[in-house]
Amino acid sequence: MSKITAAITAVGAYVPEDILTNEMLEEMVETTDEWITSRTGIKERRILKDPTKGTSYLAIRAAEEILRKTGLDPKEIDLIIMATATPDMPVASTGVYVATEIGATNAFSYDLQAACSSFLYGMSTAAAYIESGRYKKVMVIGADKMSSIIDYSDRTTCIIFGDGAGAVLMEPNTEGLGLQDEILRSDAVGRASLNIEAGGSLTPPTEETVAKKLHFVRQDGKTVFKFAVSNMAGVSEQIMKRNNLTNEDVDWLVAHQANKRIIDATANRMNLNDESKVLMNIQRYGNTTSATLPLLLSDYEKNFKKGDNLIFASFGGGFTWGAAYLKWAYNS
Ligand code: UT7
């Protein structure tokens, strides 16, 4: 019997309509379009403005796109892994709600939180279930309503993040396509450099935590940047070496969209001289945390060919980071 691998067989995505441009941010905080563009590569991001809607709204739309594109009966889905750092609520899994809303009544679901690496870790988990033969149709959704945890008077964070969602369907493959290898890492050295201080069990919400704005994301950008460059580039280079891949063999770099300079540094370490291989949509969406990787897959899906070699790379709060090597399984 041939070995079972876990392949991506469909992709969906959703971003909200409202656009927050650099010019609009110039009116809100002391910044300039020139500074944001040159330091991050971001021009605009999408914001889910409706205060009655949470991350599940984005996730449901991304998942529904997969159902529409494939004609898949949602009852056939075994598992939905909801990768998010901004669940609708701290308790009552967002994934469970999403599964019920899309009609995946035979699936079980849970949330997976690893900041910006949530989706990559989710793909790894899905692949392990599939390779073991335990489940056959696993949906991994990466979605975040980052605008719900951003302080729009803090210029060091509000210029970076945006809202969005992407999803993939993963299924067994016997042609050797799909996930080939991964290197996943974490280190609490970054716990203080990027976090939301209050709202968890360590510092539960109080009037004081609200007054001190401790429920918003804070980051020491310089430190995060330094670790992101060395770690994300490091594992990307390592996974190529381990699989005897040269820069010629790599067709696409699917890297977390946190900062164009971090992505460029990673591509450099991989010797990817051909810029067209480096997927980039940070200029339009900013950093959507768990959604960046599937949003890239959705935007570039038509360019991928069966058998193409994709390297995924991510870095996020915690710190969490990793790289994965995947062979694309279909032509669009
Ligand atoms: O996805 C999760 C992981 N997150 C990341 O990967 C983010 C990693 N970090 C970064 O992307 C970058 O560090 C930032 C984009 C956040 C900041 O860029 P930087 O080049 O590291 O800038 P910096 O923090 O070193 O600040 C340089 C200067 C400072 O002024 P002084 O001290 O040199 O006078 C800042 O106060 O730029 C100032 N500054 C700004 N100026 C205009 C900081 N934010 C802004 C701003 N507009 N929005």
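It should be emphasised that the depicted structure is a prediction, and the values quoted were computed from it without experimental measurement.

Here is what the cut-offs are and how they apply
Residues numbered from 1 in each chain as written. Predicted model: local features only at pLDDT ≥ 70, side-chain atom pairs only at ≥ 80, totals over all residues. Heavy atoms only, no water. Buried < 20%, exposed > 50% of the residue type's maximum accessible area, 1.4 Å probe, protein only. Helix = DSSP H or I, 4+ residues; strand = E, 2+ residues; numbered from the N terminus. Arc of directions from axis to C-beta. Polar contact = N/O pair within 3.5 Å; in protein donor to acceptor, adjacent residues only side chain to side chain. Domains from an automatic or database assignment. Contact = heavy atoms within 4.5 Å. Buried area = accessible area lost by both parts, 1.4 Å probe. Salt bridge = Lys/Arg side-chain N within 4 Å of Asp/Glu carboxyl O. UniProt positions renumbered as here; feature names shortened; annotations may be inferred. Expected span 1.5 Å × (residues − 1).

Turning our attention to helix α4 (residues 94-101). Given 3.6 residues per turn, any residue in an α-helix points the same way as the ones three and four places further on. Of all the residues in α4, the buried ones are T94, G95, V98 and A99. Taken around the axis of α4, the buried residues stretch over an arc of 135 degrees, which confines them to a single face. At the N-terminal end of α4, a side-chain oxygen is found 3.2 Å from the backbone nitrogen of G95, two or three residues along, and the residue is S93. Where α4 terminates, the next one or two residues include G103, which has phi positive at roughly 85 degrees.

Segmentation of the protein chain into domains returns domain 1 (5-177) and domain 2 (179-327). Placing a centre on the C-alpha atoms of domain 1 and another on those of domain 2 gives a separation of 14 Å. Taken together, the 55 residues of domain 1 in the interface contact 48 residues of domain 2. Considering only the side of domain 1, the residues that lose the most area to domain 2 are C116, L120 and L177, jointly responsible for 16% of the buried surface there. On inspection of domain 1 and its partner domain 2, the count reaches five salt bridges.

Before going further, it helps to spend a moment on the UniProt feature "domain: Beta-ketoacyl-[acyl-carrier-protein] synthase III C-terminal" (unreviewed entry) in the protein chain. With numbering aligned to this structure, UniProt lists the feature "domain: Beta-ketoacyl-[acyl-carrier-protein] synthase III C-terminal" (unreviewed entry) at residues 241-328. The annotated region residues 241-328 carries 28% helix and 23% strand content, and the separation between its end C-alpha atoms amounts to 19 Å.

The end-to-end C-alpha distance of helix α7 (residues 221-242) is 31 Å, a good match for the 32 Å that 22 residues give at a rise of 1.5 Å each. Those residues of α7 not exposed but buried are T223, V224, A228, N231, M232, A233, G234, V235, S236, I239 and M240. One or two steps after α7, the chain reaches N244, where phi turns positive at roughly 50 degrees.

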